[in-house]
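Letter by letter, the chains look like this.
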Amino acid sequence: MKKIEVRNLTKVFGPSPKKGVSLLKEGKSKDAILKESGNTVGVNQATFDVNAGEFFVIMGLSGSGKSTLIRLVNRLIDPTSGSVLIDGEDITKMNTKSLIETRRAKLGMVFQRFALLPHRTIQKNVEYGLEIQGIDTKEREEKAKEAIHAVGLAGYENSYPEELSGGMQQRVGLARALATDSDILLMDEAFSALDPLIRKDMQDELLELQDKLNKTILFITHDLDEALKLGDRIAIMKDGAIVQIGTSEEIMREPANDYVASFVQDVDRSKVLVAENVMKKPDVVTSSKDGPRVAVRRMKEKGISSIFVVDRGNVLKGLLTIEDAVKAVDLDLTLDKYLRQDYRIAKKDTPLEELIPVAAETNYPIAVVENERLRGIIVRVSILSGLGLGKEVTNHSDKQLDEATPIEDPKLGGDET
Amino acid sequence: MNYFYLPLEEWTNDFVNDWLIPTLGPFFDAIGGMIGSLLEWINWILTVIPPEILTIIVVALAWYVAGKGVALFSLIGLLYLGSVDLWAEGMQTLAIIFVATFLSIVIGIPIGIWSAKSESVQRIVRPVLDFMQTLPSFVYLIPAILLFGLGGVPAVISTFVFATPPCVRLTNLGIRQVPGDVVEAARAFGSTSGQMLVKVQLPLALPTIMAGVNQTIMLALSMAVIAAMIGAPGLGSIVLSGISSVNVGLGLVGGLGIVVLAIILDRITQGLKPER
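Residues numbered from 1 in each chain as written. Chains lettered and ligands numbered in written order. Predicted model: local features only at pLDDT ≥ 70, side-chain atom pairs only at ≥ 80, totals over all residues. Heavy atoms only, no water.

Engineer: Where do I start with helix α12 (residues 248–271) of chain B in this structure?
Structural biologist: Structurally, the α-helix is built with 3.6 residues per turn, so residues lying three or four positions apart point the same way. If you check α12(B), its first and last C-alpha atoms are 34 Å apart, about what 24 residues at 1.5 Å a residue would give, namely 34 Å. The set of residues buried in α12(B) consists of B:G251, B:G254, B:G257, B:I258, B:V260, B:L261, B:A262, B:I264, B:L265, B:D266, B:I268 and B:T269. (Helix = DSSP H or I, 4+ residues; strand = E, 2+ residues; numbered from the N terminus. Expected span 1.5 Å × (residues − 1). Buried < 20%, exposed > 50% of the residue type's maximum accessible area, 1.4 Å probe, protein only.)

Printed below as a string of structure tokens:
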């Protein structure tokens, strides 16, 4: 049985939305429409069904229109064209009264930023949906207690939202949606604001709850792993349009196009990442002003055994090891005599694949050089962490790396509001 | 620069004398009558309660909402009012302020809510408020006399004109500052716009609205001396007679009385903010 049917649902923001829709029907792209008419396409002719009891995940990066799409389903945003049928009734054609009735009876929602009422206790927050329906105090208190219990927050009824951690606040958000007993749960990046461990717990608990409650869930996320873990079926969105719908298996086995493939292929990172993505800001000694004592101190401070020497223009002069630097101090000589040239260099766009054997054979960091100037260094650790944890590379980046364009990583969609 | 003569003065006088007063005179009389009886009633309550009892009430209230320090200050302040023999005048001033503030709240908060909900209302309301706040108060003292005569009623009206803007502005601001995601959540669960207002927006805007009410009271007090010029009784008229007779002492005695009332009212209304 189909619970939600979305047909050609389109939202265009801007001065002339209707014109945007006709341009979309002509097959113009999002960018072309923005250029031509000044309209921004939020959602482009989305069509999909969600069956009763199904866990349906919509996955896309920020700006893909997924948050707009979920708000079109309960008409927090009015669509420009298309229809949304909830239990066969078109929500886009409803008057205010029946829209409110439908939201109360059928559509619970959980928000990325929890959106709890700060002036109400947990109990009163969970009761909110029932309270506005005019349900009497006793019944709504009971239902709210049940919902609070179901999400594991029993005992916190009289706390206020600000006293709770993010994970607990989102449990309240979930309880609020469960208390009204609506068949459909809309979850807008519900776990994206939580830290990874809590997020995993919440995912597990949601799946457990779903086994018991058998709701129809429409879940939005930018995290592919989350989508694969939770979704019975997954829709992948790009530029406002749905590019593929299928089960996790189907999407992984037969990606509809390169865009989807880029998400799901177990990408060999060593082919995708280049030197620039993993290099870090080098500690250097400037040959014209720093002497061997400065070099020794700097290496000691940083806990490194060799350091690159550059001139004032950042042109790479050579490498100085700690042994040579100490010798230079003892003999009171300048650095120039001790500079070594047996280090390896790489360009910014050298693929990691080529750097791995290099890193294995050299004892020194690899210098990333552009126009003879030192741009960064790569040590073995950064290659390994680049391979293993794509995220960490960009998180650990420092100034030098920030200028570099980070690689496209499907999990790095960022927060979308 | 006088390329042509703009007869604004004549127009205004003609408009007020030939149209406004004959046509709307009865209407203004009715309003004046209502405000007058409200004023008398409050004044009666404030004077019928013995000063000692009223002092105890105020001190207890101050203690409850704002703590020991404010309670002590209220006690000393009210003792001062009695000791300089200005208790009756102080109560007259208070009565005018209470009535004016009451009108400001009753009219200002709904307008503030309305302008928070509608951009076009806000576009109209904002310049009107600017006008009310910047127009020298002497300018509307004149029509206030014409329409309401001398005494407490025109004083209440002109105090109202001067003191209402912060109430409207801060109500508007408070409601607009309610986080968008909370409003969205309330909408998603099927709130009507009335439920949204009563259960979400007003409670969350309350601290800001209370700040507006506090400002309204402060501005109302600052009008006391000016209002005395159109015959408002109270501490303002003491200061005014101090000015006209170049009696520095009398001016100070009355002025300090106003300051005492201002501080007590300010601290108590600030203390009234909801705990959550």
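Engineer: Before we go on, may I ask you to explain the environment of B:A232 in this structure?
Structural biologist: Residue and element names in this part refer to chain B. Inspection of the secondary structure puts A232 in the loop between α10 (224–228) and α11 (235–244). Since its relative accessible area comes to 3%, A232 is described here as buried. In contact with A232, not counting residues within four places along its chain, are I96, G151, G152, A155, A227 and S237. (Contact = heavy atoms within 4.5 Å.)

Engineer: Would you explain empty space enclosed by the protein in this entry?
Structural biologist: The gaps left among the atoms become clear once a water-sized probe is rolled over them. Residues and elements named next belong to chain B. By the definition in use, this model includes two cavities of 30 Å³ or more. A volume near 80 Å³ is recorded for the largest cavity. As for the largest cavity, its lining consists of T93, I96, I97, T159, A220, A224, A227, A228, A232, P233, G236 and S237. Mapped by element, the contributors of at least two residues to the lining of the largest cavity are α4 (87–117), α10 and α11. (1 Å grid on protein atoms, 1.4 Å probe; cavity = no way out; pocket = protein on both sides within 12 Å on 5 of 7 lines; lining within 4 Å. Points joined across faces, edges and corners; volume = space filled by probe spheres on them.)

Engineer: Explain the domain arrangement of chain A here, please?
Structural biologist: Interfaces are frequently sized by the accessible area removed from exposure as the parts join. The domains assigned to chain A are domain 1 (2–267) and domain 2 (272–405). Here the C-alpha centroids of domain 1 of chain A and domain 2 of chain A sit 48 Å apart. (Domains from an automatic or database assignment.)

Engineer: How should the side chain of A:S182 be read in this particular structure?
Structural biologist: Residues and elements named next belong to chain A. Positionally, S182 belongs in the loop between α7 (166–179) and β7 (184–188). A residue is classified by how much of its surface remains accessible, and S182, at 0% relative accessible area, is buried. Reaching out from S182, the side chain makes a polar contact with the backbone oxygen of I184 at a distance of 3.4 Å. Apart from the residues within four sequence positions on either side, S182 is in contact with A105, K106, L107, G108, A177 and K215. (Polar contact = N/O pair within 3.5 Å; in protein donor to acceptor, adjacent residues only side chain to side chain.)

Engineer: Even after reading the chapter, I still don't get the layout of surface pockets, so can you show me in this structure?
Structural biologist: All names here are of chain B. Quantified by volume, the largest pocket comes out at close to 680 Å³. Along the wall of the largest pocket there are 22 residues; nearest its centre are V139, Y140, P143, A144 and L147. For the lining of the largest pocket, the element with the highest residue contribution is helix α6 (residues 137–148), accounting for eight residues. Classifying every residue of the lining of the largest pocket by side-chain character gives 18 nonpolar, four polar and no charged. (Nonpolar A, V, L, I, M, F, W, Y, C, P; charged D, E, K, R; others polar.)

Engineer: Is there a simple way to think about the packing of aromatic side chains in this case?
Structural biologist: A complete count under the given rule lists seven aromatic pairs over all chains for this structure. What links up through ring pairs into an aromatic cluster is the set A:F55, A:F191 and A:F219. (Phe/Tyr/Trp six-rings, centres within 6.5 Å; stacked < 30°, edge-to-face > 60°.)

Engineer: Can you help me understand the interface of chain B and chain A in this one?
Structural biologist: Opposite the 17 residues of chain B that make contact, chain A presents 27 residues. Both faces considered, chain B and chain A share a buried interface measuring about 2,000 Å² in area, 59% of it formed by carbon and sulfur atoms. Inspection of the chain B/chain A interface yields two salt bridges. When the shortest N-O distance is used, the salt bridge between A:R71 and B:E184 registers 2.5 Å. Counting across the interface, chain B meets chain A through nine residue pairs in polar contact (both at pLDDT 80 or more). Elements that contribute at least two residues to the side of chain B that touches chain A include exactly α8 (180–188) and α9 (193–222) of chain B. At seven residues, α8(B) tops the list of elements feeding residues into the side of chain B that touches chain A. Looking at the side of chain B that touches chain A residue by residue, the class counts come to eight nonpolar, four polar and five charged. (Buried area = accessible area lost by both parts, 1.4 Å probe. Salt bridge = Lys/Arg side-chain N within 4 Å of Asp/Glu carboxyl O.)

Engineer: Sorry, what's going on with the environment of A:E370 here?
Structural biologist: Residues and elements named next belong to chain A. Topologically, E370 is positioned in strand β15 (residues 366–370). Apart from the residues within four sequence positions on either side, E370 is in contact with K348 and R375. Here the side chain of E370 touches R375 through a polar contact of 3.1 Å, side chain to side chain.

Engineer: Hey, could you run me through the nonpolar core in this one?
Structural biologist: As a rule of thumb, nonpolar side chains are buried together in soluble globular proteins. The biggest cluster of nonpolar side chains holds 72 residues, and the ones touching the most others in it are B:I35, B:L46, B:L81, B:V156, B:L221 and B:L265. Excluding its chain neighbours within four sequence positions, the residues that come into contact with B:L46 are B:L54, B:M91, B:L94, B:A95 and B:F98. Membership of the second largest hydrophobic core comes to 53 residues, among which are A:F114, A:L178, A:L209 and A:I251. (Core = buried A, V, L, I, M, F, W, Y, C linked by side-chain atoms within 4.5 Å.)

Engineer: Looking at this structure, how should I read helix α3 (residues 66–73) of chain A?
Structural biologist: All names here are of chain A. The element α3 is largely enclosed, with a buried count of eight among its eight residues. Three or more residues of α3 are buried, namely K66, S67, T68, L69, I70, R71, L72 and V73. Looking at the residues trailing α3, positive phi occurs at R75, about 60 degrees.

Engineer: Before we go on, may I ask you to explain the environment of A:R104 in this structure?
Structural biologist: In this fold, A:R104 is placed in helix α4 (residues 96–106). Looking at A:R104, the relative accessible area reads 11%, which means it is buried. Between the C-alpha atoms of A:R104 and A:T180, which are 76 residues apart in sequence, the distance is 7.3 Å. Not counting residues up to four positions away in its chain, the partners in contact with A:R104 are A:I132, A:Q133, A:T180, B:F189, B:G190, B:T192 and B:Q195. Within the structure, the side chain of A:R104 is placed 3.1 Å from the backbone oxygen of A:I132, a separation counted as a polar contact.

Engineer: Help me understand the pattern of salt bridges, please; the structure alone is not making it clear to me.
Structural biologist: Side chains bearing opposite charge may pair, as long as their charged atoms lie close to each other. Residues and elements named next belong to chain A. Here the structure, examined in full by the defined rule, presents 38 salt bridges over all chains. Of the charged contacts, one joins E189 and K66 as a salt bridge, the two residues approaching to 3.3 Å between their closest N and O atoms. In this pair, E189 is assigned in the loop between β7 and α8 (196–213) and K66 in helix α3, connecting sequence segments 123 residues apart. In this structure K66 comes out as buried when scored by relative accessible area, which is 0%. Between K327 and D324 there is a salt bridge, and its shortest N-O distance comes to 3.9 Å. Of the two residues, K327 and D324 are both situated in helix α15 (residues 322–331); the distance of three residues between them amounts to about one turn of the helix.

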